[in-house]
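Listed below are the residues making up each chain.
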Amino acid sequence: MTGAEPLVRIRALRKSFGTHLVLDAVDLDVREGEVTVLLGPSGSGKSTLLRCVNHLERPDAGFVEVAGELVGYRHRCSRLHELGHRAINRQRARVGMVFQQFNLFPHLTVLDNIIEAPLAVRGVPRKQAEVRARELLARVGLAGREGAYPRQLSGGQQQRVAIARALAMEPQLLLFDEPTSALDPELVGEVLAVMRDLAESGMTMIVVTHEIGFAREVADTVVFLDGGRIIESGSPEDVLANPRHERARAFLAAVL
Amino acid sequence: MPSSDISAATARIPAAPEPPPPASAPRSTAAGPRATDEQVLSAKPVPLRRPGQWASALVLLVLFAMLVHTLLTNSRFQWGIVGTYFLNGSILHGLELTLWLTAAVMAAGYVLGIGVAAMRLSANPVLSSLSFGFVWLIRSVPLLVQLLFWYELASLYPQVSLGIPFGEAFVTFRTAHLFSGILAAFVGLTLDVAAFSSEIVRGGLLSVERGQTEAAQALGLGRLRIFRRIVLPQAMPAIVPASGNLLIGMLKATSIVSVIAVQDLLYSSQLIYNQNFEIIPLLLVATLWYVILTTLLSIGQFFVERHFARGTNRAARKGLWELFRGNVPLLGRTGTAQGDPI
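What you see is a predicted model, and the numbers here were worked out from it, not measured in a lab. What you see as residue numbers is a count from 1 along each chain, following the sequence as written. By the order in which they are written, chains take letters starting at A while ligands take numbers starting at 1. Per-residue local features of the predicted model are confined to residues with pLDDT of at least 70, and side-chain atom pairs are confined, for both listing and counting, to 80 or more; whole-chain, interface and lining totals are unaffected and use all residues. Water and hydrogen atoms play no part in the side-chain values, which are based on all heavy atoms of the structure.

Colleague: In this structure, what is going on with the sheet that holds strand S4 (residues 61-66) of chain A? I would like to understand it.
Modeller: Within a sheet, each strand pairs with its neighbour through backbone hydrogen bonds, oriented either parallel or antiparallel. Residues and elements named next belong to chain A. Pairs of strands are assigned from DSSP output, requiring at least two bridges between the strands. What counts as a helix is a DSSP run of H or I of at least four residues, what counts as a strand is a run of E of at least two, and both are numbered from the N terminus. Taken in spatial order, the four strands of this open sheet run S2-S1-S4-S5, and their pairing is antiparallel. Here the strands that pair on one side only, and so sit at the sheet edges, are strand S2 (20-30) and strand S5 (69-70). Note that S4 and S5 share two bridges and pair antiparallel. Across the sheet, Val66 pairs through a bridge with Glu69, a residue of S5.

Here it is as structure tokens:
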């Protein structure tokens with residue numbers, strides 16, 4: 001298992017917005033079945049790093065590889081050719097993403113939110129997609145809510161629907177971009193419980209979060225970013241209990 | 001003690017009015033000594049009175065009654081003649097032309113307008129500036145001038161040819177035969193609708209959060225699917241009201257084609273009054289038809305808006321009748337003015 005090629009390989013990734021360098025030569029491996037938590041102050045590049053993994057951001061240099069395939073580019077004759085929309089969509093379909101603001105489609109019911117992509121992208125028959133969607137809703141604790149519109153649900157329920165929507169594509173990898181930051185404190189627990197359950201079932205996950213407790217209990221690897229660089233990386237015990245870097249120590253002292 | 005608390009709490013609900021307190025009670029509280037809790041709890045709430053609203057409503061009602069009165073009693077409106085011509089054959093022909101010209105112009109204009117909006121939002125600077133230029137030009141030129149221009153195109157370009165740009169021509173047309181009044185009207189009005197609708201569509205598309213597109217992209221949905229299934233339906237609540245406005249405006253703006261001798265509803269009635277000099281009654285005939293059509297379109301717009309309000313908080317759950325009553329306070333139980341006792 002440990003000898004196998006990592007599911008995600010990120011090498012020398014660099015990205016800037018204008019003159020602001022957001023990611024500065026980031027290297028990261030994520031093995032299959034592992035949970036990687038990205039920590040760091042806001043503006044440290046965590047979200048941008050996550051968004052590069054499914055090519056929502058285009059890196060300036062370096063590369064991301066998922067399951068041995070370059071993301072967003074084809075390597076040929078010492079050049080990287082950007083892929084067309086169709087090929088990028090095929091790659092994105094294997095990587096699920098959960099957003100801070102949920103981004104459910106407000107004009108579609110919960111059921112239609114979940115089956116939209118399986119129908120349109122994977123060509124699953126409607127009946128089968130609906131059965132699967134109901135299973136997923138039960139799994140995130142929302143059985144029977146398939147007819148509701150997103151606005152009729154609480155934030156925590158919306159985020160759990162968003163997780164079900166991502167799972168409906170049978171992804172190899174799930175990306176979470178601050179999934180609990182927009183929630184009322186009392187609703188955070190229900191979303192983290194679903195994520196913990198997913199982690200235990202062996203889902204590969206990359207999670208940007210400020211929930212240190214979640215990182216400590218669930219993460220296999222904790223990565224600490226600051227100023228676009230990874231300054232700490234290792235098991236939760238090492239990084240959270242004995243941070244070597246001054247910046248990480250200050251951050252953890254502030255959030256704990 | 002707890003039982004008396006509960007009874008006090010229920011007394012606060014005005015649905016079951018307490019026996020009215022003695023008339024002297026409120027006066028004595030207003031004067032000086034502080035009222036007991038029981039007195040305050042048993043007092044009946046009286047909403048703020050709004051005499052101004054009622055006075056203005058009365059003034060408007062009197063003015064409205066005067067309008068109805070003069071419409072009915074001024075014999076110079078000649079309602080008899082209006083009735084005679086209301087279903088006249090050439091009026092109905094004009095009505096038909098107005099209807100299909102509006103429909104055709106709106107359909108073609110919106111197809112073009114969506115394209116122009118897409119160009120404007122495109123990352124390609126050439127497309128985006130061409131789109132900007134088109135909208136700028138069409139919106140700058142008065143519609144009347146544009147119509148006359150297309151109608152008189154033959155004097156500017158006696159012939160038009162298809163061929164290699166700046167090179168050889170394969171086919172040549174005489175424009176004098178090409179641009180009849182009706183085609184000039186169609187082209188001019190379509191370009192006008194395209195320019196204005198593109199801005200409406202663009203505004204609607206921009207009103208949809210960026211996160212919606214990103215979530216759809218992250219699921220691997222194709223660009224066309226995202227536009228058709230995710231972005232456009234969410235843009236519709238912003239697009240529909242302005243489009244209803246444009247449609248109703250265009251219904252009446254088609255009457256401008258009378259300047260290039262196209263026999264629409266208005267021009268048909270003008271042709272009749274040029275012969276019998278019954279100017280006012282025939283203008284009323286045309287106006288009544290415009291009123292009827294606008295009413296139908298407004299009702300249609302109401303239902304379209306309600307359809308696209310799905311899943312939003314401001315979903316119009318009210319029926320048409322309720323909405324009507326709500327907007328006519330003197331009839332409505334739902335009107336705000338009704339809540340105030342006189």
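There's plenty left to go through after this.
Colleague: Please clarify how the pattern of salt bridges should be interpreted in this entry.
Modeller: Pairing between side chains of opposite charge can happen when their charged atoms approach one another. Residues and elements named next belong to chain A. Any carboxyl oxygen of Asp or Glu that lies within 4 Å of a side-chain nitrogen of Lys or Arg is treated as forming a salt bridge with it. Taken as a whole, this structure holds 23 salt bridges over all chains when the rule is applied. In this structure, Asp29 engages Arg11 in a salt bridge whose closest nitrogen and oxygen atoms are separated by 3.0 Å. Of this pair, Asp29 sits in strand S2 while Arg11 sits in strand S1 (residues 8-17), and the two are 18 residues apart along the sequence. We classify Asp29 as partly exposed; its relative accessible area is 33%. Judged by relative accessible area, Arg11 falls into the partly exposed class, the value being 25%. Note that Arg90 and Glu69 form a salt bridge whose closest N and O atoms lie 3.2 Å from each other. Note that Arg90 is positioned in helix H2 (residues 85-92) and Glu69 in strand S5, a separation of 21 residues in sequence. One continuous salt-bridge network, built from bridges that share partners, spans Arg14, Asp24 and Arg229. Categorising residues by exposure relies on relative accessible area from a 1.4 Å probe, with only protein chains included: less than 20% of the type maximum marks a residue as buried, more than 50% marks it as exposed, and the intermediate range marks it as partly exposed.

Colleague: Can you help me understand helix H11 (residues 181-206) of chain B in this one?
Modeller: Working note: α-helix, 3.6 residues per turn, so residues spaced by three or four point in the same direction. Expected helix span is taken as 1.5 Å per residue step, with the number of steps being one fewer than the number of residues. Compared with the 38 Å implied by 1.5 Å per residue over 26 residues, the 38 Å span of H11 of chain B between its first and last C-alpha is a close match. Across the 26 residues that make up H11 of chain B, a large majority, 19, are buried.

Colleague: What is the right way to read the interface of chain A and chain B from this model?
Modeller: Accessible area lost upon the coming together of the parts is a frequently used measure of interface size. For this analysis, residues touch if any pair of their heavy atoms sits within 4.5 Å. The interface of chain A with chain B comprises 25 residues on the first partner and 21 residues on the second. Taken together, the two surfaces of chain A and chain B that pack against each other cover about 2200 Å², and 56% of this comes from carbon and sulfur. Broken down residue by residue, the surface that chain A buries against chain B is led by Phe105, His107 and Glu116 of chain A, which jointly contribute 27%. Applying the counting criterion to the chain A and chain B interface returns three salt bridges. For the salt bridge of Glu214 of chain B with Arg51 of chain A, the shortest nitrogen-to-oxygen distance reads 2.7 Å. When contributions to the side of chain A that touches chain B are tallied by element, the ones reaching two or more residues are H2, strand S8 (95-98) and helix H3 (110-120) of chain A. Split into classes, the residues belonging to the side of chain A that touches chain B amount to 14 nonpolar, five polar and six charged. Summed over both partners, buried area is the accessible surface (1.4 Å probe) that two parts give up on being assembled. Note that Gly is not counted as nonpolar here; it falls among the polar residues with everything else outside the nonpolar set of Ala, Val, Leu, Ile, Met, Phe, Trp, Tyr, Cys and Pro and the charged set of Asp, Glu, Lys and Arg.

Colleague: What should I look at first to understand the packing of aromatic side chains in this one?
Modeller: By convention here, two paired aromatic rings are described through the distance between centres and the angle between planes. Two aromatic rings from Phe, Tyr or Trp, using only the six-membered ring of Trp, form a pair when their centres are within 6.5 Å; if the ring planes differ by under 30 degrees the pair is stacked, by over 60 it is edge-to-face, and anything between is tilted. Throughout the structure, instances matching the rule amount to five aromatic pairs over all chains. Here Phe224 of chain A and Phe251 of chain A contribute two aromatic rings whose centre-to-centre distance is 5.2 Å and whose plane-to-plane angle is 70°, an arrangement assigned as edge-to-face. Here Phe224 of chain A is found in strand S11 (residues 221-226), whereas its partner Phe251 of chain A is found in helix H9 (residues 246-255), with 27 residues between them in sequence. Across the pair, Phe251 of chain A and Phe224 of chain A agree in class, each one buried. Between Phe302 of chain B and Phe303 of chain B the ring centres are 5.2 Å apart and the planes differ by 80°, which places this aromatic pair in the edge-to-face class. For Phe302 of chain B, a relative accessible area of 12% puts it in the buried group. In this scheme, the term charge over a ring applies when either NZ of a lysine or CZ of an arginine sits within 6 Å of the ring centre and within 35 degrees of the ring normal. The ring centre of Phe105 of chain A lies 4.6 Å from the NZ or CZ of Arg165 of chain A, which sits over that ring.

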